[in-house]
Amino acid sequence: MKNILTGLLVLLSLTVFAQQISWEEWELESKTDIRLLPKYGNVEKTEKQKEADKILIETMIKHDSSLGKASNRFINLGFQFLYKNDIKTAMYRFNQAYVLDPTNTDIYWGFGAIYMSLGQYEKAKEQYEEGLKITPNNTHILTDYGTYFMWQYSALKPTDKEKAMIKLDSAMTYISKSYNLNSSDQQTTFKLSILYLNKGDCNNAWKYYDECKSLGGQVITEAYTKGLQKECKRKKK
């Protein structure tokens, strides 16, 4: 099969959000605003900041039955802001999720997404790996860690196809593991379809496409559907 990048390119447009701020600007601002650093940079907070954390915890415990649920609420909010391209507010919410429940490893999923959106893929990788050391079966992180390897595949393919395929295999390993733990995640099934398309396995590309569709298919774009139809003729049942 020819150089099949259609699905991957569509994926990348979904994974990395339009930047409101450059990495250089982000780095500069983070020197004076610890809210832009994962877990606030693990620095000692001021008394004012500690009081703000206390108020946040007390307020959210009134609204949610547990701090774990409150933490998940803020992670969801963070991704909502990220999809709106408000990267800074997203990072604030992920850090607040950490304040509410430092044991919630989905915060690393959020931190990784921030760095992916800023084009800092190795920093994203560090966040995913930190989260997986704590919770090896976190499916959110597994899927996005696999996405990191898909980026590596895309970058290496033009110059080193052998290394690129190793990255593609790594992506398959992590995203397949995520799927085996939770087969009802649209992002996971969609990315598996893309992976198999790039491997030239049309049967599985359609298999996971159909599974994603059955789950709602909101993440599937028209461009990807057309690309899959062009590259892979569906077998008649």
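Residues numbered from 1 in each chain as written. Predicted model: local features only at pLDDT ≥ 70, side-chain atom pairs only at ≥ 80, totals over all residues. Heavy atoms only, no water.

Participant: Even after reading the chapter, I still don't get the overall build of the chain, so can you show me in this structure?
Facilitator: Along its length, the chain carries 12 helices and zero strands. Reading the helices (α) and strands (β) of the chain from amino to carboxyl end gives α-α-α-α-α-α-α-α-α-α-α-α. The C-alpha radius of gyration of the chain comes to 19 Å, within 12% of the 18 Å expected for a compact globule of 237 residues. When its C-alpha atoms are laid out on the principal axes, the chain stretches across 65 × 40 × 30 Å. Carbon and sulfur atoms provide 51% of the accessible area of the chain, an area that totals close to 12200 Å². Put simply, the chain has 33 plus and 28 minus side-chain charges, and the middle of one group is 7 Å from the middle of the other. (Helix = DSSP H or I, 4+ residues; strand = E, 2+ residues; numbered from the N terminus. Rg over C-alpha atoms; globule rule 2.2 N^0.38 Å. Areas by Shrake-Rupley, 256 points an atom, 1.4 Å probe, with all protein chains shown as cover. Lys, Arg positive; Asp, Glu negative; His and termini not counted. Charge placed at Lys NZ, Arg CZ, Asp CG, Glu CD.)

Participant: I'm lost on the side chain of Lys45 in this one. Help?
Facilitator: The residue Lys45 is located in the loop between helix H2 (23-30) and helix H3 (47-63) in this model. A residue is classified by how much of its surface remains accessible, and Lys45, at 15% relative accessible area, is buried. Not counting chain neighbours up to four residues away, the residues in contact with Lys45 comprise Ile34, Tyr40, Lys50, Asp53 and Val99. (Buried < 20%, exposed > 50% of the residue type's maximum accessible area, 1.4 Å probe, protein only. Contact = heavy atoms within 4.5 Å.)

Participant: Could you clarify how one ought to interpret the environment of Asn42 in this entry?
Facilitator: Mapped onto the fold, Asn42 is located in the loop between H2 and H3. Note on Asn42: relative accessible area 59%, which makes it exposed. Once the C-alpha coordinates of Asn42 and Lys207 are considered, the two residues, 165 residues apart in sequence, prove to be 44 Å apart.

Participant: Just checking my understanding: could you explain the confidence of the model for the chain for this structure?
Facilitator: Interpreting fine coordinate detail is not advised for predicted regions of low pLDDT. With 91% of its residues at a pLDDT of 70 or more, the chain has an overall mean of 91. For residues 1-7, every residue scores under 50 in pLDDT, and the model assigns this stretch 19 contacts once sequence neighbours within four places are set aside. (pLDDT = per-residue confidence, 0-100.)

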